[in-house]
Amino acid sequence: MPADVSYQHDTPAGPRTVTVRYERRGSGTPLLLLHGIGHHWQAWGPVLDTLAAEHDVVAVDLPGFGASAPLPPGSAYDLDSVVPGLGGLCAALGMERPHVAGNSLGGLLALEMGRRGLARSVTALSPAGFWNRPEQAYAFGVLLSMRAGAKALPAPAVRRLAAKPVTRALLVGSIYARPSLRGPAEAAAETRALRDATGFAETLRAGRHVNVSEDVTDVPVTIGWGTKDRLLLPRQADRARQRMPKARVVPLPGCGHVPMNDDPELVARTILDGSRDA
């Protein structure tokens, strides 16, 4: 069952307490899972049990997303603020230098945790930050449109759209290659998560200045990219391969931007193989 944990987050006014929601399963070496912008820990649901067969797995709602509280007033949602906070979260959970896997925003955070010595291995699925300016503008435009739609739709309309495979694609087709495989309840819940994400605007604002150019050299890195990613286009994987020559960059055939539901077996195997490299 999901639980809450609190940790100390550094702010311009000094340390403040942040409380986040998380799901924990399995045993073994620790593995932290980080979702994308506007999403919640349930994005990892299709792969949790497979990963928990080998690891002590924690899937967390990032601050300002899902059921987690926002960061304290005055806190930035940039890498220099969020990543050290994730180190504090790991300490509060008793997870010393976990393997870290992340998707989109979570992939960017996972790479930065690896760069700062906070992870023992990194698996990044369609990580943010390997865009050029037009690709970034396109992705931000799609995200803002999804957010506006989630905020405008009344709850009964969301439930009706989520109920049928054809109309479900209107809610989640931008992030899944196979939106019909996402359950009606899950599609409705992640639409609500996008609508209610208190950290969305500040995170997107901080993301305007992100451009990953520095390799992560001290830990094994795997970068997976869905070949049908409609948000962060698959050609960005080539840029990741050029900028991070030590990383293992692998295609995820038939997968969209959030690949865990499109092909759970492939995604779980990609994460497990990456953690075994360590």
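Residues numbered from 1 in each chain as written. Predicted model: local features only at pLDDT ≥ 70, side-chain atom pairs only at ≥ 80, totals over all residues. Heavy atoms only, no water.

### Things to note about unusual backbone geometry
Our working definition: Secondary structure elements follow DSSP: runs of H or I of four or more residues count as helices, runs of E of two or more count as strands, with numbering from the N terminus. Under the scheme applied here, a residue whose accessible area is under 20% of the maximum for its type counts as buried, over 50% as exposed, and between as partly exposed, the area being computed with a 1.4 Å probe on protein chains only.
In this model, R97 sits at a positive phi of 45 degrees, which is unusual for a non-glycine residue. Relative to the assigned elements, R97 resides in the loop between α2 (79-92) and β5 (99-103). Exposure remark for R97: the relative accessible area of 38% places this residue in the partly exposed category. Its identity as a non-glycine residue notwithstanding, S126 has a phi of 45 degrees, on the positive side.

### Here we look at the pattern of salt bridges
Working definition: two side chains of opposite charge can pair if their charged atoms are close together. Applicable threshold: By definition, a salt bridge exists where a carboxyl oxygen of Asp or Glu is found within 4 Å of a side-chain nitrogen of Lys or Arg.
One pass over the structure, following the stated rule, counts 17 salt bridges. Across the pair E135 and R239 runs a salt bridge, and its minimum N-O distance is 2.6 Å. One end of the pair, E135, is in helix α4 (residues 133-152); the other, R239, is in helix α9 (residues 236-243), with 104 residues separating them in the sequence. Accessibility expressed as a relative area gives 4% for E135, which makes it buried. In this structure, E202 engages R205 in a salt bridge whose closest nitrogen and oxygen atoms are separated by 2.5 Å. Within this pair, E202 and its partner R205 are both found in helix α8 (residues 200-207), separated by three residues, close to a single helical turn.

### Brief notes about the sheet that holds strand β8 (residues 248-252)
Defined as follows: What makes two strands pair is DSSP finding at least two bridges between them. To get an axis, a line is fitted to the C-alpha atoms, and for a helix only the part in contact is used. The angle between two axes follows their N-to-C directions and goes from 0 to 180 degrees. Residue contacts are counted whenever heavy atoms from the two residues lie within 4.5 Å of one another.
Strand order across the open sheet formed by eight strands is β1-β2-β4-β3-β5-β6-β7-β8, with mixed pairing between neighbours. At either end of the open sheet lies a strand with only one pairing partner, and these are β1 (3-11) and β8. Strand-to-strand, the axes of this sheet are offset by a mean angle of 25 degrees, without reference to chain direction. For strand β3 (residues 29-34) and β5, the ladder comprises four bridges, and the chain directions are parallel. Paired with L33 across the strands is A101, a residue of β5. In the packing of α2 onto the sheet, the strands contacted are β1, β2 (14-25), β3 and β4 (55-60), and the crossing angle to β1 comes to about 135 degrees.

### Some words on α8
We apply this condition: For this quantity, the arc is that covered by the directions from the helix axis to the C-beta atoms.
All of the buried residues in α8 are F200, T203, L204, A206 and G207. Axial view of α8: buried residues confined to an arc of 160 degrees, hence all on one face. Against the buried residues of α8 lie α3 (105-115), α4 and α7 (184-196).

### A short note on the nonpolar core
Condition: Buried residues of nine kinds, namely Ala, Val, Leu, Ile, Met, Phe, Trp, Tyr and Cys, make up a nonpolar core once their side-chain atoms join them within 4.5 Å.
Grouped together as the largest cluster of nonpolar side chains are 88 residues, with contacts concentrated most on L32, L33, L34, W44, L51, M113 and I223. Leave out the neighbours within four places in its chain, and L34 touches W44, V60, L62, L86, V100, A101, G102, N103, G106, L109, A110 and M113.

### As for the pairing of β5
Put simply, the rule reads: If you view a crossover with the strands going away from you and the path from the first strand over the helix to the second runs clockwise, you call it right-handed.
Counting buried positions along β5 gives five out of five residues, so the element sits mostly inside the fold. Taken together, β5, α3 and strand β6 (residues 121-125) constitute a β-α-β crossover, and its handedness is right-handed.

### Side note on helix α5 (residues 155-163)
Count 3.6 residues to each turn of an α-helix, and residues three or four apart come out pointing the same way. Among all positions in α5, only A157, V158 and A162 are buried. Each buried residue of α5 lies within a common arc of 130 degrees when the element is viewed along its axis, so the set occupies one face. What points out from α5, more than 90 degrees from its buried face, is the exposed set R159 and R160. Of the surrounding elements, those touching the buried residues of α5 are α6 (165-172) and α7.

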